[in-house]
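# Structural overview for review
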Amino acid sequence: MFATSEKYREFGREGATDWLKRIALSNEFGLFALIVVAVLVFSSLASGFLSNFNLYLLGRIIAVNTMIGFSMMVVLVTGGLNLAVGAIGVCVAMTCGWLIEDIGLPWYIAIALAIVVGAGLGAINGLLVVWSGLHSFIITLATMSIFFGGMIFLTRAESFREMPGVFTDFSRLKFFGSVSAMLIPTCIVAVLLGILYRLTRTGKEMLAAGAQPAAAEQSGLRVKKLFVLCHVLSGAVAGCAGLMLLARNGAAIPAMAGNLGQDWLLIAFLGPVLGGAVLLGGYVSVLGAFLGATLVSVLSNGLLLIQVGEFWVQACLGLMLLLAVVLDKVRRLFVEN
Amino acid sequence: MADLSFEVQAVSKYFPGVKALDSVSITLEPGKTHALLGENGAGKSTLIKIITGVYAPDEGALHVGRAPVRFASPRDAIMAGVAVVHQERNLIPRFSIAENIMLEHLSDQVLRPLNFAAINEAARPWIEKLGINADPSTPVMELSVAQMQMVEIAKALSLQSSVLLLDEPTAALTPHETVALFNVLRDVRDKGVCVLFVSHKLEEVQEICDSVTVLRDGQNACENLSMNGLTRQDLVRMMIGRTELIAGYRPRDIDRRENALELLDFSSSAGHHGINLAVASGEILGLYGLVGSGRSELAKAIIGLLPTDGGDIRRDGQRVTIASPAEAIHKERIGYVSEDRKHEGLILQHSVLDNAGITVWRRAVNRFGFLTQNSVRRLVEPYLKKLQVKTPSLRQTIGKLSGGNQQKVAFAKWMAANCDVLIIDEPTVGIDIKSKTDLHDLIRDLASSGTAIILITSDMPEMIQLADRIAVMTDFVVSGELGNDGDYSSMSKQIIDLIHIEETRLVGE
């Protein structure tokens, strides 16, 4: 009896070296190192890279890109995806603009209602996925067109430009001359998501259901409900990203995320996938998605500063997505052996 | 190709930090069936991978018919005449039986149009020989698990190899199909092929094998010993280094006045009809039946995974409806330990703690609404300790543990769930003897502490060792119920008779 209790003292309490090893092997550490390298390279190639103004611009890009990445990440948990994040983001921004300009609601109520609309559109995605049993790829491909088309029809493709000053004031606010205030909502959402997945029953259930739905269901989890919830969350977070773009532009513009909102798609996948999210579901890293989006933002900003053409930046980001997936495979093989 | 011996001479294989094989030898002779035995972790899988060209040995050599060979890939092994039937299925589900069997023969005809009639004809003798009982053009995905296994075996046999390696070939087969397979294996053996039979089922090894090699801790516990005169106990002693303790069935006191779970004239959409079963607290009800007889489906219909279609479920005498597993667990306290550990039992890519804790998350939430590692750990750790789960840490990805340890975690999860009724489906398939004995003790303990248990198993000794009563299921109907007197030969005969009577009745219809 004594022997067994001795043996099981090891359960879970790992030593300091194990802990360091785990960090060094982690995806997040690799991303952090890449970001440092990228910053060093760009700051030596382009004199303006570390200027206060560029750091402020970079902060704004990171804030929006990370939020867009989160909106995809919360659905990647289920092993599915949400191609409609861009369409939902624009719909939410347009709703907010309409509520303020045409209905005359105060901005804070308009923001809250608009995010509820985003969550509602996410719920439509989730319910359709669960009821039809089809892959979310098909469902969200369809709803992407439906949401965007519906929005264009209702707004007659007109922008809402009479936004209260609070939006642009917020987007221009900076601390220490270089840190954009736009990072605040992103950090809040990041912390909330971190708590969700690490410290709440709902978050842990989402991960379990996404990893192995059959096992999760037999263990008493309500898998369908959880999947719908993931899509609701995705809609709400995409809405937040849309509102941040609204603040940056000072107006709600139908074309602010490209046709059908597709400008967001590459960014939406890049952050979480670079960050180590498993595309089959069941594992995501909030910190990783943040670092992934940061790396992407640093690269695109830096490449533009050293005057590489916009189309090369796009090609570069595409290449990065492929590289990230390959690296992920290699890393997994390495860790397993 | 036949009539060549196959020798593994003093082979060693190192992995980072472990010596998986330490100078292991085995000789397969043409016209003999050779058994390879060993506990999980004894080095069996590594040796199989060396014979099939997946790994190259670090020391030692392989010889085919006295000539040394080197396998750089599984392809090389196949070319040298080594055919394998793996434990995992390697069939292409949408291809027909014939296409799957003849697959290796087709690969050198890339651009020539396939003659499907010819392929079907070529495959037909194998299909008949193995009693697959289906048209050659049937897609493999429409077959039963047992039939798929037979196709796998036909595919290996069709290569006309000099060595045929079968890794746990009977795991999915019914006794009837096993007999058919053994007839084919004897036939193959008599044609001068070296057959290597790897199995956990010692009864089968004793029945079919001529000689045996046992591995223990990466070394030969014996090498090429004749099966003649070896008893089951001899084999077990070589495998685990001591004698096996078989706890026989001992009748237990059960208060049968009230049933914990009762099915009355129960029907389901899966095809069950008129099922009457009852299990009392502290009782183990065995549910025996062949693969495909509807045992797992019955469990799934009870916990609300499959729709019911009439009749009553009574829980402690009260009529209940169960719409989902969540209701079964949290409202009615009924749990189902799945036979499909990899897909339904565990989440392989998650940690030991997350797997063991999934059923207690509801209870583990603290007063601030948070679910912390420590609160979950407190609820599940006693069970993991009790079951002596061997893991470096609770953070360990469960997919990396051995099958026996995985199954123990799956049990720990259900013990932590505090269910009053547990339906346990094939608890010991493919796990080592030590873990098996541990799990048997555990099932008895659970029953003694008042849990009502329905034990589904096709392992006859397991059933007779554990169950207080045995219900036999044939084709989604309960064909009879027996009290257990603990005598293996009379009980197994009665059970087989019940299945047989029902089969005759079905054929008669």
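Residues numbered from 1 in each chain as written. Chains lettered and ligands numbered in written order. Predicted model: local features only at pLDDT ≥ 70, side-chain atom pairs only at ≥ 80, totals over all residues. Heavy atoms only, no water.

### Quick look at the overall build of chain B
Quick note on the threshold: The helix and strand labels rest on DSSP assignments: H or I over at least four residues marks a helix, E over at least two residues marks a strand, and numbering proceeds from the N terminus. Radius of gyration: C-alpha atoms only; globule rule: 2.2 Å multiplied by the number of residues to the exponent 0.38. Only protein chains enter the area calculation, which uses a 1.4 Å probe; residues under 20% of their type maximum are buried, those over 50% are exposed, and those in between are partly exposed. In short, Shrake-Rupley with a 1.4 Å probe defines the accessible areas, and a residue's cover is counted only from the protein chains shown. Under the convention used here, Asp and Glu are negative, Lys and Arg are positive, and both His and the chain ends fall outside the count. By convention, the charge on Lys lies at NZ, on Arg at CZ, on Asp at CG and on Glu at CD.
Tallying secondary structure elements over chain B gives 19 helices and 20 strands in all. The C-alpha radius of gyration computed for chain B amounts to 24 Å, which stays within 12% of the reference 23 Å derived for 509 residues, consistent with globular compactness. Along the first, second and third principal axes, the C-alpha set of chain B runs to 70 × 60 × 50 Å. Counting every position in chain B, which comprises 509 residues, the buried fraction comes to 54%. Surface exposure of chain B reaches about 21,800 Å², of which carbon and sulfur atoms provide 50%. Side chains of chain B carry 53 positive and 65 negative charges; the gap between the two charge centres is 7 Å.

### Points about the interface of chain A and chain B
When the parts come together, some accessible area is lost, and that loss is often what is quoted as the size of the interface. Our working rule: A contact between two residues is defined here by any heavy atoms of the two lying within 4.5 Å. Summed over both partners, the accessible surface that disappears when two parts come together, traced with a 1.4 Å probe, is what is meant by buried area. The salt bridge definition used is simple: a Lys or Arg side-chain nitrogen within 4 Å of an Asp or Glu carboxyl oxygen. N or O atoms closer than or at 3.5 Å make up a polar contact, with two conditions inside protein: a donor-capable atom paired with an acceptor-capable one, and, for residues adjacent in sequence, both atoms drawn from side chains.
In this assembly, 32 residues from chain A lie in contact with 43 residues from chain B. Counting the surface lost from both chain A and chain B, the interface buries some 3,100 Å², and carbon and sulfur atoms represent 57% of this. Across the contact surface, chain A and chain B share one salt bridge. Here lysine 204 of chain A and aspartate 354 of chain B are joined by a salt bridge, their closest N and O atoms 3.1 Å apart. Applying the counting criterion to the chain A and chain B interface returns eight residue pairs in polar contact (both at pLDDT 80 or more). Mapped onto the side of chain A that touches chain B, the elements with two or more residues apiece are α1 (2-7), α9 (183-199), α10 (201-211) and α11 (213-218) of chain A.

### A few points about the side chain of asparagine 54 of chain A
Residues and elements named next belong to chain A. As for its position among the elements, asparagine 54 is in helix α4 (residues 52-76). Given a relative accessible area of 6%, asparagine 54 falls into the buried group. A polar contact is formed between the side chain of asparagine 54 and the side chain of asparagine 301, at a distance of 3.0 Å. Asparagine 54 has contacts with Gly48, Phe49, Asn301 and Leu305, leaving out every residue within four places of it along the chain.

### A closer look at the environment of alanine 277 of chain A
All names here are of chain A. Within the secondary structure, alanine 277 is located in the loop between α13 (263-274) and α14 (286-305). The exposure class of alanine 277 is buried, given its relative accessible area of 5%. In this structure the C-alpha to C-alpha distance between alanine 277 and glycine 288, which are 11 residues apart in sequence, comes to 8.2 Å. Excluding anything up to four places from it in sequence, alanine 277 contacts Leu76, Pro272, Tyr283 and Val284.

### Some remarks on empty space enclosed by the protein
Unfilled space is identified by rolling a water-sized probe across the atoms. In plain terms, the rule: Think of a 1 Å grid over the protein atoms and nothing else: a 1.4 Å probe that fits but is trapped marks a cavity, an open set flanked by protein within 12 Å on at least five of seven lines marks a pocket, and residues with an atom within 4 Å of a point count as lining. Grid points are joined across faces, edges and corners, and a volume is the space filled by probe spheres set on the points. Just so you know the grouping, Ala, Val, Leu, Ile, Met, Phe, Trp, Tyr, Cys and Pro go in nonpolar, Asp, Glu, Lys and Arg go in charged, and all remaining residues, Gly too, go in polar.
The full count for this structure, using the stated rule, is five cavities of 30 Å³ or more. Each pocket or cavity is described by its volume, and for the largest cavity that value is around 60 Å³. Within the residue set of the lining of the largest cavity, elements represented by two or more residues are α11 of chain A together with β16 (334-337), α12 (341-345) and α16 (403-416) of chain B. Residue contributions to the lining of the largest cavity peak at four residues, all from α16 of chain B. Looking at the lining of the largest cavity residue by residue, the class counts come to five nonpolar, five polar and three charged.

### Details of the sheet that holds strand β4 (residues 59-64) of chain B
Adjacent strands of a sheet pair through backbone hydrogen bonds, lying either parallel or antiparallel. All names here are of chain B. Here is the rule we go by: Pairing between strands is defined by DSSP: at least two bridges between them are needed. For helices, the fitted axis covers only the stretch in contact; all axes are lines through C-alpha atoms, and the angles between them, taken along N-to-C directions, range from 0 to 180 degrees.
The four strands lie next to each other as β2-β1-β4-β5, forming an open sheet whose pairing is antiparallel. Both edges of this open sheet fall to β2 (18-28) and β5 (67-69), since each of them pairs with a single strand only. Within the sheet, the average angular offset between the axes of one strand and its neighbour, ignoring direction, is 30°. Judged from the three bridges that link them, β4 and β5 form a sheet pairing that is antiparallel. Looking at the pairing, valine 64 lines up with alanine 67 of β5.

### Brief notes about the state of the cysteines
Simply put, the disulfide is a covalent bond whose two ends are the sulfur atoms of two cysteines. All names here are of chain A. Test applied: Any cysteine sulfur atom paired with another within 2.5 Å is treated as part of a disulfide.
In total, this model carries zero disulfides over all chains according to the counting rule given. Left unpaired, cysteine 91 is separated from the closest cysteine sulfur, that of cysteine 96, by 13 Å. Classification of cysteine 91 by relative accessible area gives buried; the value is 8%. Cysteine 96 takes part in no disulfide bond, and the closest cysteine sulfur to it belongs to cysteine 240, at a distance of 11 Å.

### Considering the packing of α4 of chain A against α14 of chain A
All names here are of chain A. Put simply, the rule is: In this scheme, roughly parallel covers angles under 35 degrees and roughly antiparallel covers those over 145, while 65 to 115 is roughly perpendicular and the rest are oblique. Handedness of each helix crossing follows the sense of rotation of the near helix against the far helix: counterclockwise by less than a right angle gives left-handed, clockwise gives right-handed.
Axis separation between α4 and α14 bottoms out at 8 Å; the angle between their running directions is 135°. Regarding the angle of α4 to α14, the classification is oblique. You can see that α4 and α14 cross each other, and the crossing is right-handed. Residues Asn54, Leu58, Ile61, Ile62, Asn65, Thr66, Phe70 and Met73 of α4 form the contact with α14, whose own contacting residues are Val286, Ala289, Phe290, Ala293, Thr294, Ser297, Val298, Asn301 and Leu305. The residue inventory of the contact of α4 with α14, partitioned by class, reads 11 nonpolar, six polar and no charged.

### Digging into the pattern of salt bridges
All names here are of chain B. The tally for this structure, following the rule as stated, stands at 28 salt bridges over all chains. A salt bridge links aspartate 58 to lysine 13, with the shortest nitrogen-to-oxygen separation between them at 3.9 Å. Taken together, the positions of aspartate 58 in the loop between α1 (44-51) and β4 and lysine 13 in strand β1 (residues 6-15) put the pair 45 residues apart, joining distant regions of the chain. Look at aspartate 58 and you get partly exposed, because its relative accessible area is 41%. When its relative accessible area of 10% is taken as the criterion, lysine 13 is described as buried. The partner of arginine 377 in a salt bridge is glutamate 381, with the nearest N and O atoms 3.6 Å apart. Of this pair, arginine 377 and glutamate 381 both sit in helix α15 (residues 373-386), four residues apart, roughly one helical turn.

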